[in-house]
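# A structural walkthrough
Below are the chains, spelled out letter by letter.
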Amino acid sequence: MKTLLNLRALLIALGMCALSVQAQEAFKIGLILPMTGQQATTGKQIEAAARLFMAQNGDKVAGRKIELIIKDDGGIPDAAKRIAQELVVNDKVGVLGGFGLTPLALATAPIATQSKTPMVVMAAATSIITEASPYIVRTSFTLAQCSVAMGDWAPKNGIKRVVTLVSDYGPGIDAERFFKERFLLNSGQVIESLRVPLRNPDFAPFLQKVRDLKPDALFVFVPSGAGAAVMKQFLERGMDKAGIKLIGTGDMTDDDQLNDMGDGSLGVVTSHHYSAMHPSAVNKKFVEAFKKANHGMRPNFMAVGGYDGMRVIYEALKNTKGGQGGGDALLAAMKGQIFESPRGQIFIDAQTRDIVQNIYLRRVEKKDGELYNVEFDVIKEVKDPGKTK
Ligand code: PHB
């Protein structure tokens, strides 16, 4: 009897030990980002934003230490998937985040599903992504959200004949489709739809074709990082002087590059969910702190996706007392979150796990000697129009 009691005491002590180890164990967040290659600016912006968020909000939530692990996928889908597997199995991360390109998010989705790990998509923006796993939550945007707004604005502003030019993969195809559908409804005409390769694009032959077609405007989607090349070649060909307007989603007039695009970009109108010039106190504070922490670098829309993604994770950790209940409890606590982001009010739709947010119309203007996307109109609380169910 005595030995049995001793054994019981020992087991209880062991159990308590295990519990306290668990309480002290850090909660790990694994961000998979393109830190090298064509999309490296996206990785750089999101990493900076995640680190800023932690510097401002501490590295402890509900008494539990938070550890951020950042891994470079180089923009290669197989690498993103392999890294996700390692992060889940070896590092035992509680949340996956990042995803700088649609193919990277789609390649990783099955790992999130199999391991029941919430996966916060902070950058990629094809509508279908949230349907690839019930564990995906998105804090970026969708191209469908932005493109519809331009399909409404352009025809009301004298633009009737348009050529579209998009990167030939998920978000480009969404941008082309949703712009066109809305533009046609508004009696616009798309006279040609051009698609350029994602990798090492050469815009010259496409732009030559656009020049020959002489539309009222060229509608462009290229992913963050590629906008400056389009702008440069558009201006070099004198297309603006030939009377062709440049319009598109704000990925083209990306805050990361805009200031180097030169005065030729003045007047370009785009639709998007974030501008570093967004006039709110929350944004002013964010931009100032981001610049201060990053040698003056201006945050772009990728940074905001990362910053808000970290907030969604922190809030979910708070509401689950440091992640108790595992992936399913965290996921449940991410759904339905609502808060003021530097871009304005945002909402994670509990049903779709996708972001609902304002879409702004913006014009490139000079403010205090720098080029900015200055917002002049807003469509409030836009849900992703691209959901299939
Ligand atoms: C994407 O691959 O989903 C993507 C990347 C960069 C963007 C927009 C979408 O600017």
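Use the structure listed above.
Values in this document were obtained by computation on a predicted structure and should not be read as measured data.

### Some points on the overall build of the protein chain
What the protein chain contains, in helices and strands, is 11 helices and 15 strands. When the 389 residues of the protein chain are sorted by exposure, 55% land in the buried category. Taking all contacts inside the protein chain whose residues are at least 6 apart in sequence as the whole, residues at least 24 apart take part in 67%. Summed over all atoms, the accessible surface of the protein chain reaches about 16,300 Å², with 53% contributed by carbon and sulfur. With 48 positive and 41 negative side-chain charges, the protein chain shows a separation of 4 Å between the mean positions of the two kinds.

### Focus: the packing of aromatic side chains
Scanning all chains against the criterion turns up eight aromatic pairs. Ring geometry for Phe 53 and Tyr 307: centres 5.5 Å apart, planes at 80°, overall edge-to-face. Here the residue Phe 53 occupies a position in helix H2 (residues 40-57), and Tyr 307 occupies one in helix H10 (residues 301-319), the gap between them amounting to 254 residues. Residue Tyr 307 is classed as buried on the basis of its relative accessible area of 13%. One aromatic cluster is present, built from ring pairs that chain together Phe 53, Phe 286, Phe 290, Tyr 307 and Tyr 314. The ring centre of Tyr 372 lies 3.6 Å from the NZ or CZ of Arg 298, which sits over that ring. The ring of Phe 376 carries the charged tip of Arg 363 above its face, separated from the ring centre by 4.3 Å.

### Observations regarding the pattern of salt bridges
Applying the stated criterion across every chain yields a total of 18 salt bridges. The salt bridge involving Glu 86 is made with Arg 82; its shortest N-O contact spans 3.5 Å. Placement of the pair is Glu 86 and Arg 82 together in helix H3 (residues 77-89), with a separation of four residues, close to one helical turn. Classification of Glu 86 by relative accessible area gives partly exposed; the value is 34%. Owing to a relative accessible area of 47%, Arg 82 belongs among the partly exposed residues under this scheme. For Lys 318, the salt bridge is made with Glu 315, and the minimal N-O distance between the two is 3.2 Å. Taken as a pair, Lys 318 and Glu 315 lie in helix H10 at a separation of three residues, close to a single helical turn. Look at Lys 318 and you get partly exposed, because its relative accessible area is 47%. The exposure class assigned to Glu 315 is partly exposed, which follows from its relative accessible area of 24%. Counted as one network, the salt bridges with shared partners bring together Arg 138, Asp 354, Asp 384 and Lys 387.

### Comments concerning the site of the ligand
Residues in contact with the ligand amount to 14 residues; listed here are only the nearest, Thr 102, Ala 125, Tyr 169, Ser 224 and Asp 251. Within the backbone of Ala 125, a nitrogen or oxygen atom sits 2.8 Å from an oxygen atom of the ligand. Contact distances for the ligand include 2.9 Å between an oxygen atom and a backbone N or O atom of Ser 224. Relative to its unbound accessible area of 280 Å², the ligand is 100% covered by the protein chains. Residues belonging to the shell around the ligand are distributed by class as follows: 10 nonpolar, three polar and one charged.

### Digging into the packing of helix H5 (residues 143-156) against helix H6 (residues 170-185)
As a packed pair, H5 and H6 sit with axes 8 Å apart at the nearest point and diverge in direction by 35°. Where H5 crosses over H6, the handedness of that crossing is right-handed. Residues Leu 143, Ala 144, Ser 147, Val 148, Met 150, Gly 151, Asp 152, Ala 154 and Pro 155 of H5 lie in contact with H6, whose contacting residues are Pro 171, Asp 174, Ala 175, Phe 178, Phe 179, Arg 182 and Phe 183. Of the residues contributing to the contact of H5 with H6, the split by class is 11 nonpolar, two polar and three charged.

### Side note on the sheet that holds strand S1 (residues 27-33)
Overall, mixed pairing links the six strands, which are arranged S2-S3-S1-S4-S5-S6 in an open sheet. The open sheet is flanked by strand S2 (60-61) and strand S6 (136-138), the only strands paired with a single partner. As paired strands, S2 and strand S3 (residues 64-72) are joined by two bridges and run antiparallel to one another. Its bridge partner lying in S3, Val 61 is registered against Arg 64. Relative to the sheet, H2 contacts S1 and S3, its axis offset from that of S3 by approximately 170°.

### Some details on the nonpolar core
Counting 94 residues, the largest nonpolar core has Met 150, Ile 247, Phe 286, Met 310 and Ile 313 as its most contacted members. Counting residues per element, this core draws most heavily on H10, at 11 residues. With sequence-adjacent residues up to four places away left out, Ile 313 is seen in contact with Ile 29, Val 95, Val 120, Met 122 and Met 334. Val 222, Met 231, Met 261 and Leu 371 belong to the second-largest nonpolar core, a separate cluster that totals 23 residues.

The rules behind these values
- Residues numbered from 1 in each chain as written.
- Predicted model: local features only at pLDDT ≥ 70, side-chain atom pairs only at ≥ 80, totals over all residues.
- Heavy atoms only, no water.
- Helix = DSSP H or I, 4+ residues; strand = E, 2+ residues; numbered from the N terminus.
- Buried < 20%, exposed > 50% of the residue type's maximum accessible area, 1.4 Å probe, protein only.
- Contact = heavy atoms within 4.5 Å.
- Areas by Shrake-Rupley, 256 points an atom, 1.4 Å probe, with all protein chains shown as cover.
- Lys, Arg positive; Asp, Glu negative; His and termini not counted.
- Charge placed at Lys NZ, Arg CZ, Asp CG, Glu CD.
- Phe/Tyr/Trp six-rings, centres within 6.5 Å; stacked < 30°, edge-to-face > 60°.
- Lys NZ or Arg CZ within 6 Å of the ring centre and 35° of its normal.
- Salt bridge = Lys/Arg side-chain N within 4 Å of Asp/Glu carboxyl O.
- Near = heavy atom within 4 Å.
- Polar contact = N/O pair within 3.5 Å; in protein donor to acceptor, adjacent residues only side chain to side chain.
- Nonpolar A, V, L, I, M, F, W, Y, C, P; charged D, E, K, R; others polar.
- Axes fitted to C-alpha atoms, helices over the stretch in contact; angles between N-to-C directions.
- Left-handed = near helix turned anticlockwise from the far one by under 90°.
- Pairing = 2+ DSSP bridges.
- Core = buried A, V, L, I, M, F, W, Y, C linked by side-chain atoms within 4.5 Å.

On their own, these measurements won't tell you what the molecule is for.
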